[in-house]
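Single-letter residue listing:
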Amino acid sequence: MSETIVIGAGILGVSTAYHLAKSGQKVTIVDREEKGQATDAAAGIVCPWLSQRRNKAWYALARGGAAYYPTLIRELEDAGESSTGYAQVGTLSIHSDPKKLEAMVKRAEKRREEAPEIGELTILTPEEAKAMFPPLLEGYGAVHVSGGARVDGTALRNALLRATRKLGAEYIRGEARLWADGGMVKGAYIDDQKMNADQVVVTAGAWAKELFKPLRINFEVEPQKAQIVHLRLKDTDTSQWPVLMPPSDHYVLSFDQGRVVVGTTHENGVGFDTRVTASGVKEILDKALHIAPGLVDAELLETRVGFRPVTPNFLPVFGQVQQFKGLYTANGLGSSGLTSGPFIGKQLASCVLGKQTDVDMELYNIAQAIQ
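Calculation notes
- Residues numbered from 1 in each chain as written.
- Predicted model: local features only at pLDDT ≥ 70, side-chain atom pairs only at ≥ 80, totals over all residues.
- Heavy atoms only, no water.
- Phe/Tyr/Trp six-rings, centres within 6.5 Å; stacked < 30°, edge-to-face > 60°.
- Helix = DSSP H or I, 4+ residues; strand = E, 2+ residues; numbered from the N terminus.
- Buried < 20%, exposed > 50% of the residue type's maximum accessible area, 1.4 Å probe, protein only.
- Lys NZ or Arg CZ within 6 Å of the ring centre and 35° of its normal.
- Axes fitted to C-alpha atoms, helices over the stretch in contact; angles between N-to-C directions.
- Parallel < 35°, antiparallel > 145°, perpendicular 65-115°, else oblique.
- Left-handed = near helix turned anticlockwise from the far one by under 90°.
- Contact = heavy atoms within 4.5 Å.
- Nonpolar A, V, L, I, M, F, W, Y, C, P; charged D, E, K, R; others polar.
- Core = buried A, V, L, I, M, F, W, Y, C linked by side-chain atoms within 4.5 Å.
- Salt bridge = Lys/Arg side-chain N within 4 Å of Asp/Glu carboxyl O.
- Pairing = 2+ DSSP bridges.
- Expected span 1.5 Å × (residues − 1).
- Bend = angle between axes of the 7 residues up to and from the residue.
- Polar contact = N/O pair within 3.5 Å; in protein donor to acceptor, adjacent residues only side chain to side chain.
- Arc of directions from axis to C-beta.

Colleague: Please provide a residue-by-residue account of the packing of aromatic side chains, values included.
Modeller: The full count for this structure, using the stated rule, is nine aromatic pairs. Ring centres 4.9 Å apart and planes at 10 degrees place the aromatic pair Tyr 69 and Tyr 86 in the stacked group. With Tyr 69 in helix α3 (residues 56-78) and Tyr 86 in strand β4 (residues 86-87), the pair connects residues that are 17 residues apart, well separated along the chain. Like Tyr 69, the residue Tyr 86 is buried in the burial classification. Ring pairs connect the aromatic residues Trp 207, Phe 272 and Phe 307, which therefore count as one cluster. Here Lys 194 stacks its cationic end above the ring of Trp 179, 4.5 Å away from the centre of that ring.

Colleague: Describe the packing of helix α1 (residues 11-22) against helix α6 (residues 153-166), naming the residues involved and giving the relevant values.
Modeller: Contact geometry of α1 with α6 gives a least axis separation of 9 Å together with a crossing angle of 25 degrees. As the angle between them shows, α1 and α6 are arranged roughly parallel. Relative to α6, the crossing made by α1 is left-handed. Across the interface between the two elements, Ile 11, Val 14, Ser 15, Ala 17, Tyr 18 and Ala 21 from α1 touch Leu 156, Arg 157, Leu 160, Leu 161, Ala 163 and Thr 164 from α6. The class makeup of the residues in the contact of α1 with α6 is nine nonpolar, two polar and one charged.

Colleague: Got a sec to walk through the nonpolar core? Specific residues and values, please.
Modeller: If you look at the biggest cluster of nonpolar residues, it comprises 71 residues, and the most contacted ones within it are Val 27, Trp 49, Leu 76, Val 145 and Phe 318. No other element matches the eleven residues that α3 contributes to this core. Those residues in contact with Phe 318, other than ones at most four positions away along the chain, are Leu 61, Thr 329, Ala 330, Ile 344, Gln 347, Leu 348, Val 359, Met 361, Tyr 364 and Ile 366.

Colleague: If you had to explain the side chain of Thr 264 to someone new, which residues and values would you point to?
Modeller: Here Thr 264 shows up in the loop between β17 (259-263) and α8 (278-291). Filtering out sequence-adjacent residues up to four positions away, Thr 264 remains in contact with Ala 226, Gln 227, Ile 228, Asp 249, His 250, Tyr 251, Glu 283, Ile 284 and Arg 308.

Colleague: Which residues make up the pattern of salt bridges, and what values do they have?
Modeller: For side chains of opposite charge, pairing can occur when their charged atoms come near one another. On inspection of all chains with the given rule, the structure shows 21 salt bridges. Arg 259 is paired through a salt bridge with Glu 302; the nearest N and O atoms lie 3.3 Å apart. Pair noted here: Arg 259 is in strand β17 and Glu 302 is in strand β18 (residues 299-310), with a separation of 43 residues, a long-range link. A relative accessible area of 23% means that Arg 259 is categorised as partly exposed. When its relative accessible area of 28% is taken as the criterion, Glu 302 is described as partly exposed.

Colleague: Summarise the sheet that holds strand β11 (residues 184-190); cite the residues concerned and give the values.
Modeller: Taking strand neighbours across the sheet as the criterion, the three strands line up as β10-β11-β12 in an open arrangement whose pairing is antiparallel. On the outer flanks of this sheet lie β10 (176-181) and β12 (193-196), each paired with one strand and no other. Averaged over all pairs of adjacent strands, the angle between strand axes in this sheet comes to 35 degrees, irrespective of strand direction. Alignment of β10 against β11, held across six bridges, turns out to be antiparallel. What sits directly across from Asp 181, in β11, is Met 184.

Colleague: Please set out α3 residue by residue, giving values where relevant.
Modeller: Within an α-helix, residues lying three or four positions from one another point in the same direction, as the helix has 3.6 residues per turn. With 23 residues, α3 extends 34 Å from end C-alpha to end C-alpha; this agrees with the ideal 33 Å at 1.5 Å per step. Approximately 35 degrees is the largest bend angle found in α3, and it occurs at Tyr 68, with the proline Pro 70 only one to four residues beyond. Two to three positions downstream of the cap, the backbone nitrogen of Ala 57 sits 3.0 Å from a side-chain oxygen, assigning the N-cap of α3 to Asn 55. In the segment just after α3, Gly 80 is the residue with positive phi, at about 95 degrees.

Colleague: How would you explain α8 if you had to name every residue and give the values?
Modeller: The end-to-end C-alpha distance of α8 is 20 Å, a good match for the 20 Å that 14 residues give at a rise of 1.5 Å each. Within α8 the residues assigned to the buried category are Gly 280, Val 281, Ile 284, Ala 288 and Ile 291. For α8, the angular spread of buried residues about the axis comes to 115 degrees, placing them on one side. For α8, the exposed residues set more than 90 degrees away from the buried face come down to Ala 278, Ser 279, Lys 282 and His 290. Contacts made by the buried residues of α8 are with β5 (91-95), β14 (222-232), β15 (243-245), β16 (251-254), β17 and β18.

As structure tokens, then:
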């Protein structure tokens, strides 16, 4: 039986470990549970089909991630994991210009030819949109995408981790360092205890750079700080509200018990600053209350901080590290980590196992992030 160590237990790392364990690998997952992990802070939107990003390589991962979710959730539920944090509640992409809404539908209809999981596309009047999302400002029409979904990053990661441990994987909270001899990785030091492995997978997100330094590999990943505000609407059933996508780079999505999540900031060049800042909260609330003034009386519960891992060209990279046999990595998922993370974990596991992947790996060659 081949043995693999996975360093980093965010959604990407645990997904990789899950797919390896499913294939009969002996897997050890190591994480130092650093404050500010992207998965713990994140609330995700699974609705890539309306995106205007022109990067086809990025879209292939986002589309693949959205298509893979139903299969993964069924597997987790079959394994006894009912609290996955995933719910297909639909998405409202709002705009005040009816022509913009028509353009969205045309774009999505074209993409539906290869992504039927989009579901039904419906243009809603401002009255219909507000009926589905009551705090919404009057005057916004919307495109309703029935296949859109929301994800609680922590809940999904924990469900995946439990399912992976049921398959025999071990989880260790600790500090990991790569152990290499010549051009081969032999395993890892975990809190200074040497552990052998046939393969090591580094999925440490924004902290991966420091793991590669002792191997004289300059891995170009940087943290992008995100602040995300959690609100609560008293005596309001928000469990089935659709995700709200404005025409800008923020969002509003809802969970059970009146919880509404609004975000997010995109702060570059601030390092691993875990502080909640007045400017960050102001930016988020200003944008949220502009489109959803009905949230003005919501209780402010908390603000979470996470660090998105960003690689050159804002494109994920994953695969084998050519300089060292037995060493694999994936990184750079950025703000679409919850959409594509489980899917990329599946691809990386296939790569480790020497199996065919569902995507062209050359598009995501990790050499793009190594200087």
